[in-house]
Amino acid sequence: RPPRSTLFPYTTLFRSFSLKEEKAKQATGGAASNPKIPPGLIRMQKDMSELKMDKGMTLNLYNGPEDLMNFKITVAPDDGMYKRGVFVFDFKVPKTYPHDPPKVQCETTVFHPNIDMEGHVCLNILREDWKPVLTIQSVIMGLQFLMLEPNADDPLNKEAAAMLADNPRRFADTVKQTFQGRTMQVAGQRFTFPKFE
C-alpha cells in the first residue's frame, strides 16, 4: 500500500472530476443529452433560416454561428440622401423574443431625424407597434426604409428633424458634409462623423 502522501493527489483529482460532472448536469438540468432550448432561440433559428439580405446589406454573427441572439447588420443604401454611407446596427435579441422586440443600436454616427447621436433608433415596430408575428426580417426592412426615407414627424434628433421639415435641401447638404468626415455641433455637443468615399 502506497504512503498516504502519494494517494492524496489521486483522491483530489477524482473528487474535482465528480464536482465538474455534477456541475455540468446541473447546468443542463440533469439531462446532458437533452438540454432545453429557450423559445426565443427556437424562433431566432426560424427567423435566420428565412432571412433574405438585399443588395448592400450584410449580416455579421460576431460571436460565431452558434450565437444567434447577438449580431450586427450593415446597411449601405444605394439610393436617397444616405447613399454611399455604411451604417452598422447592433442587435441584441432578448430571451423573451418574439414577445419582446430586439434592442437595436446604430453604431455609426449619423445625422438623421430618427437616430439620435447616441445611436438610439426610433422605429415604431421596435416600440409600441411591436407584435410577436413580426420577425428580424421586418426590423431589417424597417431600418432599410429609415435610411431611404428619413421621417421628420417622429424625431429622436430634433435638430435634424427640424432642418428636414423646414429646409430639405439644407438637410441633404448637411448629410453630404457629414459624409466628408466633418466635426459638427449637434444639440450643443461636438460630433465627428465617419468619412464615406
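To be clear, the structure that these remarks concern was listed above.
Below, the structure is looked at part by part.

Looking now at the overall build of the protein chain. A tally of helices and strands in the protein chain yields five helices and six strands. Written out in order from the N terminus, the α and β elements of the protein chain read α-α-β-β-β-β-α-α-α-β-β. Relative to its 197 residues, the protein chain shows a buried fraction of 37%. Considering only intrachain contacts with a sequence separation of at least 6, the fraction spanning at least 24 residues in the protein chain is 52%. Carbon and sulfur atoms provide 56% of the accessible area of the protein chain, an area that totals close to 12500 Å².

Glancing now at the sheet that holds strand S3 (residues 87-92). Read from one edge to the other, the open sheet built from four strands follows the order S1-S2-S3-S4, with strand pairing classed as antiparallel. The open sheet is flanked by strand S1 (57-60) and strand S4 (103-106), the only strands paired with a single partner. Across the sheet, the mean angle separating the axes of adjacent strands is 20° when strand polarity is ignored. Note that S1 and strand S2 (residues 70-75) share four bridges and pair antiparallel. Residue pairing for S2: Asn-60 is matched across the bridge by Lys-72. Helix H3 (residues 136-148) contacts S1, S2, S3 and S4 of the sheet and is inclined by roughly 150° relative to S3.

Before going further, it helps to spend a moment on helix H2 (residues 39-49). Within the span of H2, buried status applies to Gly-40, Arg-43, Met-44, Asp-47 and Met-48. The arc that holds the buried residues of H2, viewed along the axis, is 135°, so those residues lie on one side. Residues of H2 that are exposed and angled more than 90 degrees away from the buried face: Pro-39 and Ser-49. Packing partners of the buried residues in H2 comprise S1, S2 and H3.

Judged by nonpolar contacts, the single largest core of 44 residues is most densely connected at Met-44, Phe-89, Phe-91, Phe-111, Val-121 and Ile-136. If you list the elements that add at least two residues to this core, you get H2, S2, S3, S4, H3, helix H4 (158-166), helix H5 (168-178) and strand S5 (183-186). For Ile-136, the residues in contact, after removing those within four places along its chain, are Met-44, Asp-47, Leu-51, Phe-71, Phe-91, Val-93, Tyr-97 and Pro-102.

This brings us to the side chain of Thr-74. Looking at the secondary structure, you find Thr-74 in strand S2. Apart from the residues within four sequence positions on either side, Thr-74 is in contact with Gly-56, Met-57, Thr-58, Val-86, Phe-87 and Val-88.

Contact geometry for H4 and H5: axes closest at 5 Å, N-to-C directions at 130°. Classified by the angle their axes make, H4 and H5 are oblique. Touching Ala-160, Met-163, Leu-164, Ala-165 and Asp-166 of H4 are Pro-168, Arg-170, Phe-171 and Thr-174, all from H5.

All chains considered together, the criterion is met by eight aromatic pairs. On the numbers, 6.2 Å between centres and 50° between planes, the contact of Phe-87 with Phe-179 is tilted. Taken as a pair, Phe-87 in strand S3 and Phe-179 in the loop between H5 and S5 lie far apart in primary sequence, 92 residues in all. An identical accessibility class is assigned to Phe-87 and Phe-179; each is buried. Look at Phe-87 and Phe-196: their rings are 5.7 Å apart centre to centre, the planes differ by 65°, and that puts the pair in the edge-to-face class. Separated by 109 residues along the polypeptide, Phe-87 in strand S3 and Phe-196 in the segment after strand S6 (189-192) bring together distant segments of the chain. For Phe-87, a relative accessible area of 0% translates into the label buried. Linked through ring pairs, Tyr-82, Phe-87, Phe-179 and Phe-196 together constitute an aromatic cluster.

How each quantity is defined
Residues numbered from 1 in each chain as written. Predicted model: local features only at pLDDT ≥ 70, side-chain atom pairs only at ≥ 80, totals over all residues. Heavy atoms only, no water. Helix = DSSP H or I, 4+ residues; strand = E, 2+ residues; numbered from the N terminus. Buried < 20%, exposed > 50% of the residue type's maximum accessible area, 1.4 Å probe, protein only. Contact = heavy atoms within 4.5 Å. Areas by Shrake-Rupley, 256 points an atom, 1.4 Å probe, with all protein chains shown as cover. Pairing = 2+ DSSP bridges. Axes fitted to C-alpha atoms, helices over the stretch in contact; angles between N-to-C directions. Arc of directions from axis to C-beta. Core = buried A, V, L, I, M, F, W, Y, C linked by side-chain atoms within 4.5 Å. Parallel < 35°, antiparallel > 145°, perpendicular 65-115°, else oblique. Phe/Tyr/Trp six-rings, centres within 6.5 Å; stacked < 30°, edge-to-face > 60°.

Interpretation in functional terms is not warranted from these geometric data alone.
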